[in-house]
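Spelled out, the chains give:
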Amino acid sequence: MPQLNDLSRSLITLEQDATLIAVIEMGQSSWLVAGIVPGVERHPLKKLAVDESALLKLLNRWREEAEQAGHRIKRIAVAFEAGRDGFWLARWLRTRGIETHVIHASSVAVSREHRRAKTDRLDTELLKRAFLGWLRGERDHCKMVAIPTTKDEDAKRPNRERESLVGEQSRIVNRMKATLTRLGIRGFNPKLKKAAERLDGLRTPEDAPIPPNTLAELRRDMVRRRLVSDQIRQIEGARLERLEQAPCDGPHAMVRLLARVIGVGIETADMLVQEVLSRNMRDRRAVARYAGLTGSPDESGQKRREKGLARSGNARVRRGMIQLAWRFLMFQKDSALAQWFRARTENARGTRKTMIVALARKLLIALWRLVRDGVVPDGVSLRPAQ
């Protein structure tokens, strides 16, 4: 079985005399486009407004310049770094016959000088060298990001929106508690149904009511918290409805299978499937690297130390897996992974937080094998299939 391409190098032979190469340094107000045009001695550099049509017109103009110099262009390869603009430009160019790649920003080596010069012009030169090496098929120049479809990106939105709303809800509640604490009022729970009615009866330690401006602020915060809570319930209800309408759909089937593992809820299962498990990963090491659950060793000469998690992967997956690992120890005590964790921590003080990361990595790989090959981890209890 052939291995999946990890996008660390191009598998297409580069014909440099017939390939127009361009890189884009993308900003909020302008794009800087640098090119390598066959037959043209200079390396053109053009600053454009944020306009995809102008970019396409520029690429066609460079193609005409190459053909006037006697080079027939068979391939146009464009690359830019992944960033705020996402992948829409890559999809737009690909529909117009332009080979487009998105460079993983952290895979490009940069100078470690403390005061290195950094301009858009220098960045395009750096991207151009890295992209040219990648097109030649050489490893370690840079890595590309898999370009998702609009449907794939849209499938991630409910989970990410819910995460944002849960954080906003926590901030509102914490702000209300802090406001009351400044008045000496403790033990009030703003999340209760009748919390708004109880506000008028609250008294400070001096037996005074809440000042009017502060009371109005608290009421507005309660309305805001109620709105956020309703939106969270809407997202959760819509997700359950989608699962019921298309239970055998690819990602939905994965979510339902993961949710059968005792200790894994629908929310965690949906996050894992949409963020990592539905991707075509090469092997288990790639799964762990994508989650940022691998180490970052620092070795030089006789110096050997571990700097902790690399944290270069998906932060949502990393946070979710560490939380799931703690829950896994509670709900799957008889599993082989839980026994492995206890065997290494019961007689070693201060190792639980370190080993929970190792457990999260092993658990993520086990769940990946479960949804890919149907291999149930040893000793893991499953809920009955519905």
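None of the values given here were measured: they were computed from a predicted structure.

The next point concerns the environment of G39. Tracing the chain through its elements places G39 in the loop between β2 (30-36) and β3 (45-49). Distance from G39 to A315, taken between C-alpha atoms, is 45 Å for residues 276 residues apart in sequence. Aside from chain neighbours lying at most four places away, what touches G39 is A69 and H71.

Turning next to a positive patch on the surface. A contiguous patch of positive charge, built from K143, R284, R285, R289, R344, K362 and R369, is present on the exposed surface. Breaking the positive patch down by element, the ones donating at least two residues are α9 (284-290) and α12 (352-373). With three residues, the top contributor of residues to the positive patch is α9. Of note, R284 is situated in helix α9. Residue class for R284 comes out partly exposed when judged on its relative accessible area of 36%.

Of all seven residues in strand β4 (residues 75-81), six are buried, a share of seventy percent or more. Where strand β1 (residues 19-26) meets β4, six bridges bridge the pair, whose relative direction is parallel. Within the sheet, the bridge partner assigned to I21 lies in β4 and is A77. Relative to strand β5 (residues 99-103), β4 is paired through five bridges, and the arrangement is parallel. Of the residues in β5, the one forming a bridge with A77 is E99. Handedness of the β4-helix α2 (residues 88-94)-β5 crossover: right-handed.

Attention now moves to the packing of helix α8 (residues 266-277) against α12. Helices that pack against each other are described as a pair by the angle of their axes relative to one another and the distance between those axes. Relative orientation of the contacting elements α8 and α12 amounts to 85°, with a least axis distance of 12 Å. On the basis of their axis angle, the class for α8 and α12 is roughly perpendicular. Contacts from L272, V276 and L277 of α8 reach α12 at L364, L367, W368 and V371. Per-class residue counts for the contact of α8 with α12 are seven nonpolar, no polar and no charged.

Along the chain, T204 falls in the loop between α5 (195-198) and α6 (212-245). If sequence neighbours within four positions are ignored, T204 has contacts with L183, I185 and P209.

A few words now on the nonpolar core. Core analysis: the largest hydrophobic core is formed by 41 residues, its most contacted members being L258, L272, M321 and L364. Taken together, the elements giving at least two residues each to this core come down to α7 (250-259), α8, α9, α10 (315-331), α11 (336-345) and α12. If near-sequence neighbours (up to four positions away) are discounted, L272 is found in contact with L258, L277, V317, M321, L324, L364 and L367. Formed by 28 residues, the second largest nonpolar core is a distinct cluster that contains A22, V37, L58 and I76.

Conventions adopted
Residues numbered from 1 in each chain as written. Predicted model: local features only at pLDDT ≥ 70, side-chain atom pairs only at ≥ 80, totals over all residues. Heavy atoms only, no water. Helix = DSSP H or I, 4+ residues; strand = E, 2+ residues; numbered from the N terminus. Contact = heavy atoms within 4.5 Å. Patch = residues over 30% accessible without salt bridge, like charges linked within 9 Å, V, L, I, M, F, W, Y side chains within 5 Å. Areas by Shrake-Rupley, 256 points an atom, 1.4 Å probe, with all protein chains shown as cover. Salt bridge = Lys/Arg side-chain N within 4 Å of Asp/Glu carboxyl O. Lys, Arg positive; Asp, Glu negative; His and termini not counted. Charge placed at Lys NZ, Arg CZ, Asp CG, Glu CD. Buried < 20%, exposed > 50% of the residue type's maximum accessible area, 1.4 Å probe, protein only. Pairing = 2+ DSSP bridges. Right-handed = clockwise from strand over helix to strand, strands pointing away. Axes fitted to C-alpha atoms, helices over the stretch in contact; angles between N-to-C directions. Parallel < 35°, antiparallel > 145°, perpendicular 65-115°, else oblique. Nonpolar A, V, L, I, M, F, W, Y, C, P; charged D, E, K, R; others polar. Core = buried A, V, L, I, M, F, W, Y, C linked by side-chain atoms within 4.5 Å.

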